[in-house]
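Residue-level listing of the chains:
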Amino acid sequence: MKTRADILKPVAESEVLIIGAGVIGVSIAHELTKRGIKPLVIDREADVGMGISKSSGGFVNAGLMPVIDALVKEMTGGDPLAEIDSDRLRSMQEGYAAFDPQLHDLAVAHRHLDSLILARNEQELATLRRLMQLAEHFPSVALQWLEKDALFRREPNITPSAVAGVYDPAGTILVFSHDYVVAVAENARANGAEFWMETRCRAIDHYDGVYRVTTNRGTFRARFVINCAGKYADRIADMAGAGRDWTLSYFRTQAFILDRRLNGLIDSFITFPPAGMMVQALSPLLGGNLLLYGSSIEPVSDPEAVETLEADYQSAIETMQQLAPALRAADIITAYTGVRVYCSANPDDHTITAAPNQPCFINVIPRMPGFTPAISIAGRVAAMLEEQGLTLGTHRDFDSKRIAIPRFRELDEATRNALIAVDSRYGKVICRCETVTEGEVVEAIRRGADTVQGVMFRTRAGMGRCQRNFCGSQLMAVLSRRKKIALNQVTFKGSGSEFLARRPTKNPTPVSPKLLEDDTKKKP
Amino acid sequence: MMPEQSLRLRPVDVAVVGGGPAGLSACLELAGSSSLTVSLFEAADELGGIPRSCRLFFGMRDLKRIHTGKGYADLLNCRLRATSVAVHTDTTVLGIEPDAGEGFHRLRIVSPKGCRTVESRAILLATGCFERPRENRCLPGTRPAGIQTTGSLQEMVRLQGVLPGKRALVVGSEYIALSCVLTLLKAGVAIGALIVNDAGTGLPKLLARGLGTLYRFPVLKNQRITSVLGRRRVEGLELADRVSGESRRVDGDLLVVTGEFRPYTILIDPTTIRQDPVTLSPIIDEQMMTSVPNIFAAGNLVGQARMHDLCALEGRRVAKHIRQALKG
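To keep things clear, this report deals only with the structure shown in the data block. Small disclaimer: the values here were computed from a predicted structure and weren't measured.

**A look at the sheet that holds strand S9 (residues 167-171) of chain B**
Working definition: the strands of a sheet are paired by backbone hydrogen bonds and lie parallel or antiparallel to each other.
All names here are of chain B.
Link 1 in the chain: Across the sheet, five strands lie side by side as S8-S15-S9-S10-S11; this open sheet has parallel pairing. A strand with exactly one partner marks an edge of an open sheet, and here the two such strands are strand S8 (147-149) and strand S11 (219-221). Strand-to-strand twist in this sheet, taken as the mean axis angle between neighbours without regard to direction, amounts to 20°.
Link 2 in the chain: Sheet topology places strand S10 (residues 190-196) next to S11; three bridges connect them, and they run parallel. In the strand pairing of S11, Ile195 is matched with Leu220.
Link 3 in the chain: This element, helix H4 (residues 175-187), spans S9, S10 and strand S15 (254-257) of the sheet and lies at about 175° to S10.
Link 4 in the chain: Sheet strands in contact with helix H5 (residues 202-215) are S10 and S11, and its direction is about 145° off that of S11.

**Concerning the packing of aromatic side chains**
Residues and elements named next belong to chain A.
Link 1 in the chain: Evaluated as defined, the whole model comprises twelve aromatic pairs over all chains.
Link 2 in the chain: Note on Trp196 and Phe220: the rings are 5.0 Å apart at their centroids and 85° apart in plane angle, and the pair reads as edge-to-face. Taken together, the residues span a long stretch of sequence, with Trp196 in strand S7 (residues 194-196) and Phe220 in strand S10 (residues 218-227) at a distance of 24 residues.
Link 3 in the chain: You can call Phe220 buried: its relative accessible area is 0%.
Link 4 in the chain: Among the aromatic side chains, those forming a connected cluster through ring pairs are Phe99, Tyr180 and Phe371.
Link 5 in the chain: Seen from the ring of Tyr232, Arg44 lies directly overhead, with NZ or CZ sitting 4.3 Å from the centre.
Link 6 in the chain: Sitting over the ring of Trp246, Arg244 keeps its end group 5.4 Å from the ring centre.

**As for the sheet that holds strand S14 (residues 247-251) of chain B**
Residues and elements named next belong to chain B.
Link 1 in the chain: In space, the three strands of this open sheet follow the order S12-S13-S14, with antiparallel pairing throughout. Taken across any chain shown, the strands that pair with only one partner, and hence form the sheet edges, are strand S12 (223-229) and S14. The mean inter-strand angle of the sheet, taken between neighbouring strand axes irrespective of direction, is 30°.

What counts as what
Residues numbered from 1 in each chain as written. Chains lettered and ligands numbered in written order. Predicted model: local features only at pLDDT ≥ 70, side-chain atom pairs only at ≥ 80, totals over all residues. Heavy atoms only, no water. Pairing = 2+ DSSP bridges. Helix = DSSP H or I, 4+ residues; strand = E, 2+ residues; numbered from the N terminus. Axes fitted to C-alpha atoms, helices over the stretch in contact; angles between N-to-C directions. Contact = heavy atoms within 4.5 Å. Phe/Tyr/Trp six-rings, centres within 6.5 Å; stacked < 30°, edge-to-face > 60°. Buried < 20%, exposed > 50% of the residue type's maximum accessible area, 1.4 Å probe, protein only. Lys NZ or Arg CZ within 6 Å of the ring centre and 35° of its normal.

What follows is the structure, encoded as structure tokens:
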């Protein structure tokens, strides 16, 4: 029998507990492991990076994006140069500079991407000219003006109505956002961080300089709590009684993924000059697909409003034809809606503050975008913890290198054969659309993918044209075998999203394959 | 590392890609009527293709007898194993390179034994088709677990003999919607509703109504799906009547979108083989040859989704054309 002491005994304890395993949470965990701390990270979802990070396009940029922000600010009546010396801009530049070496250490697939902003008429030309002027104040970006000929030499398949464009060469690092979060988390774990998934906070108590965080999986203890809960940061702060004077507001956006058949149609991030809250952009993705944004950023009251609406599809289809007329609605292979969050404490900058009455409880709510400044934010949080009395040293055996899951599709034949010679499962293609082998799926599961979505995002299996039409049941079977769980316990994205129904108790006769077989024999 | 040459299989006259009804029938015909060397490549671990996981009415027009899906697949499989055709199951064709020199095309393949290349004088593409998944149909709503196509559903039921849900909502107005309903009923899943949209022809709709009466489930017509409901697992659908605009909700924990087939052209897309701009099927001439000489296509990869027996007959027909082309 469980005694009271057993119940109160923490399941895990550490100096630092991080709530939320998005890009910010895992970056802080990673930074802390470098400094000799073994933090705990808990998250309500079944996998890391499943909140706002999942809906990020994975564009890491500290040059053009701030200039566009400044232009938008001017258009809405603000001072365009207010941000030029801001903390946020510095954090983006720092984060951007640290990103590239991090990607190499963690073996995250990436590429440097050009950006093009197209003008189609006089008004848009004027906007772009103003953008060029503003860019002169930002030393980190070198924009070029492209006349029509040069524009079409670069991107022949864009809308013929384009008359000129602004070109930002190689200013954006493109990653697959989930890939990056997983890589950082894996490396943090290899260096001592501990991750608890599907762990939901129920209560947070604080006494004697220790936080006790009660969850569905038991109690966690830590001296410091870092609230990186993104869309739910307000709820977490309230649980801790951390007297907040801010609120969160939510905005939804949609992304559409287009078929890999279109690989090569465009080679840069293409967009129109900013106009209101509308986002219209087309970009290549790492897997060869295209990404389309074609909707407005719309305020919503529900942080879980992730359904894609009929109007979103219509808007996307109109946008794709405006950007590149060769695109068709039939090329949409999937659509996502994400909800991002803004904090009222400082709508133009990150909110990284200790709660007024609790110096050891730190709220971290980045001002979007969050990927670019993530590494820099992690550094600041570490500094704040140090100020509050956490002893940070260096992790003497810190291993900054990670080895990525082999990506069969991108290997040459000799490497493929070497892999198959060691493990023949690398010779069994499970996902035909994206050429993903069973070996990759098994490796993803070994590294912590517990759900079909976790396998998909780590390997690309099932993310292609047929969307798991052919490979869905095989992915389930591999998960069930490797994790030694029953098939009806395999989920899409954590408990509650099982693929199979639990058998109704009324009908205990199992429909076994054998029964089905016998049955077919009876028929003529 | 082994020398490069050992990774090449012996060149063949005909390489057949896909071991479904069309590919199998073509192999049988080629083996029975010519001395051409034939290799068949199938990605799954057994031959047969889609019929393996279906239940009813197989082989009417090609074998002149009615079989179950599995019986049909097994029969073709048995017959093929008795021929000289080299059968490579568990082998995925990664790419084809037309005109690799000296009158040969090249295929790059992979199996648990390793990567190989094989050269052939002719290629028959018979990679079949698939149903448009929910994501491609621009169906609005959330993205929970429990959304399937008939293909993935039948595969799941066949492979694992499991219960895919308790109460299914089936969308579609082609024959396959009925096949899906039968699979579900057999597996012990209740049918919440069959949503028949406008695209279908008369007979499937009539049969749908019959099935609905027989098994007591509603058959809903003229409905537009306005939202898929449920955050983690499907909870239902929101429908709007196309005529009255009235909106209603139907409950179920499984959504199966059926029909609306698309050819599976992953292998062709990166090549120079000409494709129909709308359907993406390879364009073929009267000899069923694609725009690249001696690369043929048959079955549901070309044209609209047809019953398996018609594909099988087409497989036999394309075999004759291949024989002729290679003689000449």
